[in-house]
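Spelled out, the chains give:
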Amino acid sequence: MADQKKVLIVTYYWPPSSGPGVQRWLKFVKYLSRLGYTPIIFTVKKASVPNLDHSLENDIPGNTIVHKTRAYEPDELYYFLSGNKNKKPEVGLAELKNVDSPIKKLAKFARSNVFIPDAKIGWYYGNRKKLLKLVRKEGIQTVITTGPPHTTHLFGDYLKRKNSIKWLVDFRDPWTGLYYEQLLSRTKRSQQINRDLERRVLENADQVIVVSKGVKEEFKDFEHKIEIIYNGYDEDDLLGLSPDSSEKFELTYTGNFKANQDVEELWKAIAELSKENSQFKNNFVVRLVGNINVTVKESIKYNGMEHMVSYEQFVPHLEALALMIRSSLLLLPIPKAENNKLILTGKIFEYMASCSRILSIGPIGGDADIILRDCQRAPMIDYEDKEMLKQRLLKEFTSWYEGNKAAIKHLSTNHKKYSREALTHQLAKYIT
């Protein structure tokens, strides 16, 4: 007998994998469970990810059923051929750039044209029948697929054709419009195959969920079936965390810092302030916590302020939140990419929930800027506006220094509309 309260979620990313893709559906599952649903997760035994965070497993509800399957991936062969000895994906798929040797070019060509829509396609072909059997055995009526990787949506399309189900597609990023598609060496035929797969998924899905107005714009031909459900923050994660004073003013960034987030004018502004103001020089530090692209490190060194930067390794999610709360100022650089006014990083919601001040750099009037203004936060500063960056940094530093070096917190609670619990209630309307 079909069970209305069983919800199957097909996701490549699941704890102990870390990152925003894990956070989104881990938190939805947590609060769906509290609403009386039984989440059933279909995922992989060992995902190809830069970092693991076993602490996230503590958030998995007791009634969650997790099926971990083998993923037949070409990644290890690709990393071997391309010289990636760590056998881990680089930040922002940087390994796809500056491909010089014939072997690397061959590996990139194979990845681009054999594995469509992405390098996880082997997971689909090796497990689709197993998933169909699970759906029929459990009497599942609602299936949610989340991507990237967009291979996950092929599972939903297969189930929709083989069984009578309700299918929700979740896009955390665009598909053919995803920025690293431009880094691939796809032939015209491969590009067309990818576009056809994207359109088939959009046509066959009962409901499409996206994380921002920008992603919705990517699929404007299907606007009638698209709903925006933002990423957010979990109030439970903030319990017991409180700000404290620091010996130095800390400008902090947590997570993956990609090459297209490098803001050279920021490093110049900091270098100039350190020369003009001795108090600033002796009491200011940039904390970059996580996987920092080598291009960013080179830019910092080139602009002569490497001595003011602390590079720190990846930390578990709750530790990252604690760093956000204690920081004097949080750095939010929007990636420099085509149509970046439509980019809305998941980090913005936890940044706001920490109540720490935010230095946001990117396109003025974009989606991120609109949300910041709506929550009464300081507006975005343009990438090239070095003087405005200097003014803002000096203003924040002076307030901190003259306030006995205590973190100045933001008092507005407008960000509460983006709590994971509230967003899950929004999602539940499309499940039932």
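## Quick look at the overall build of the protein
Argument step 1. Across its full length, the protein carries 16 helices and 12 strands.
Argument step 2. Each principal axis of the C-alpha distribution contributes one length, and for the protein these read about 70 × 55 × 40 Å.
Argument step 3. Looking at the protein as a whole, 56% of its 432 residues qualify as buried.
Argument step 4. Within the protein, contacts between residues at least 6 apart in sequence are counted, and of these 76% link residues at least 24 apart.
Argument step 5. Charged side chains in the protein number 65 positive and 53 negative. The centres of these two groups are separated by 6 Å.

## Some remarks on the nonpolar core
Here is a general trend for soluble globular proteins: nonpolar side chains tend to be buried in one another's company.
Argument step 1. Residues Leu8, Leu266, Trp267, Ile270, Phe284, Leu359 and Leu393 are the most contacted members of the largest nonpolar core, which totals 93 residues.
Argument step 2. If sequence neighbours within four positions are ignored, leucine 359 has contacts with Leu251, Leu266, Leu329, Leu330, Leu331, Leu332, Ile381, Leu389, Arg392 and Leu393.
Argument step 3. In this structure, Leu26, Val29, Ile41 and Tyr430 belong to the second largest nonpolar core, which totals 21 residues.

## Some details on the side chain of arginine 287
Argument step 1. Structurally, arginine 287 can be placed in strand β9 (residues 284-289).
Argument step 2. At a separation of 3.3 Å, a polar atom in the side chain of arginine 287 contacts the side chain of glutamate 250.
Argument step 3. The residues contacting arginine 287, other than those within four sequence positions of it, are Glu250, Leu251, Thr252, Tyr253, Ser310, Glu312, Leu323 and Arg326.

## Describing the packing of aromatic side chains
Argument step 1. Applying the stated criterion across every chain yields a total of 23 aromatic pairs.
Argument step 2. Taken together, a centroid distance of 4.9 Å and an interplanar angle of 65° make the contact between tryptophan 123 and phenylalanine 155 edge-to-face. A residue pair is termed long-range when its members are at least 10 positions apart, and tryptophan 123 in helix α4 (residues 121-138) and phenylalanine 155 in helix α5 (residues 151-162) qualify at 32 residues. Just as tryptophan 123 is buried, phenylalanine 155 falls in that class too.
Argument step 3. Through pairs of rings, three or more aromatic residues link up here, namely Tyr12, Tyr13, Phe42, Trp123, Tyr124, Tyr125, Phe155 and Tyr158.
Argument step 4. Lying across the ring of tyrosine 253, lysine 347 places its NZ or CZ 4.7 Å from the centre.

## Regarding empty space enclosed by the protein
Argument step 1. Tallied over the full model, the rule gives 1 cavity of 30 Å³ or more.
Argument step 2. Its boundaries defined by the atoms lining it, the largest cavity holds a volume of some 40 Å³.
Argument step 3. Lining the largest cavity we find Phe249, Ser328, Arg357, Glu396, Trp400, Ala407 and Ile408.
Argument step 4. Grouping the amino acids of the lining of the largest cavity by side-chain chemistry returns 4 nonpolar, 1 polar and 2 charged.

## Remarks on unusual backbone geometry
One can expect most non-glycine residues to show negative phi and most peptide bonds to be in trans.
Argument step 1. A cis amide bond links glycine 147 with the next residue in sequence, proline 148, at an omega value of 10°.
Argument step 2. On the secondary structure map, proline 148 appears in the loop between β4 (140-147) and α5.
Argument step 3. The linkage connecting proline 148 with the following residue, proline 149, adopts the cis geometry, with an omega of 0°.
Argument step 4. Looking at the element boundaries, proline 149 is found in the loop between β4 and α5.

## A word on the confidence of the model for the protein
Argument step 1. Confidence in the prediction for the protein averages 90 pLDDT; 92% of positions are at 70 or higher.
Argument step 2. Considering only residues more than four positions removed or in separate chains, one finds that residues 91-96, a stretch of pLDDT under 50, has 22 contacts.

## Describing helix α16 (residues 420-431)
Argument step 1. Look at α16: 16 Å from first C-alpha to last across 12 residues, which is about the 16 Å you get at 1.5 Å a residue.
Argument step 2. Within the span of α16, buried status applies to Arg420, Leu423, Thr424, Gln426, Leu427, Ala428, Tyr430 and Ile431.

## A short note on the sheet that holds β9
Argument step 1. With respect to topology, 5 strands assemble into an open sheet ordered β10-β9-β8-β11-β12, the strand pairing being parallel. Edge positions in the open sheet fall to β10 (309-312) and β12 (358-361), since each of these has one partner strand only. On average, adjacent strands in this sheet sit at an angle of 25° to one another, irrespective of strand direction.
Argument step 2. The pairing of strand β11 (residues 329-333) with β12 spans 4 bridges and is parallel. Paired with leucine 330 across the two strands is isoleucine 358, which belongs to β12.
Argument step 3. Along the sheet, helix α9 (residues 264-276) makes contact with β8 (249-254), β9, β11 and β12, crossing β9 at roughly 150°.

## Points about the pattern of salt bridges
Argument step 1. If you walk through the whole model with that rule in mind, you get 27 salt bridges.
Argument step 2. The salt bridge involving aspartate 59 is made with lysine 27; its shortest N-O contact spans 2.3 Å. Of this pair, aspartate 59 sits in the loop between β2 (38-44) and β3 (65-69) while lysine 27 sits in helix α1 (residues 20-34), and the two are 32 residues apart along the sequence.
Argument step 3. Between glutamate 396 and arginine 392 there is a salt bridge, with the nearest N and O atoms lying 3.0 Å from each other. Taken together, the residues glutamate 396 and arginine 392, both in helix α15 (residues 386-402) and 4 residues apart, mark about one turn of the helix.

Scoring rules and cut-offs
- Residues numbered from 1 in each chain as written.
- Predicted model: local features only at pLDDT ≥ 70, side-chain atom pairs only at ≥ 80, totals over all residues.
- Heavy atoms only, no water.
- Helix = DSSP H or I, 4+ residues; strand = E, 2+ residues; numbered from the N terminus.
- Buried < 20%, exposed > 50% of the residue type's maximum accessible area, 1.4 Å probe, protein only.
- Contact = heavy atoms within 4.5 Å.
- Lys, Arg positive; Asp, Glu negative; His and termini not counted.
- Charge placed at Lys NZ, Arg CZ, Asp CG, Glu CD.
- Core = buried A, V, L, I, M, F, W, Y, C linked by side-chain atoms within 4.5 Å.
- Polar contact = N/O pair within 3.5 Å; in protein donor to acceptor, adjacent residues only side chain to side chain.
- Phe/Tyr/Trp six-rings, centres within 6.5 Å; stacked < 30°, edge-to-face > 60°.
- Lys NZ or Arg CZ within 6 Å of the ring centre and 35° of its normal.
- 1 Å grid on protein atoms, 1.4 Å probe; cavity = no way out; pocket = protein on both sides within 12 Å on 5 of 7 lines; lining within 4 Å.
- Points joined across faces, edges and corners; volume = space filled by probe spheres on them.
- Nonpolar A, V, L, I, M, F, W, Y, C, P; charged D, E, K, R; others polar.
- pLDDT = per-residue confidence, 0-100.
- Expected span 1.5 Å × (residues − 1).
- Pairing = 2+ DSSP bridges.
- Axes fitted to C-alpha atoms, helices over the stretch in contact; angles between N-to-C directions.
- Salt bridge = Lys/Arg side-chain N within 4 Å of Asp/Glu carboxyl O.

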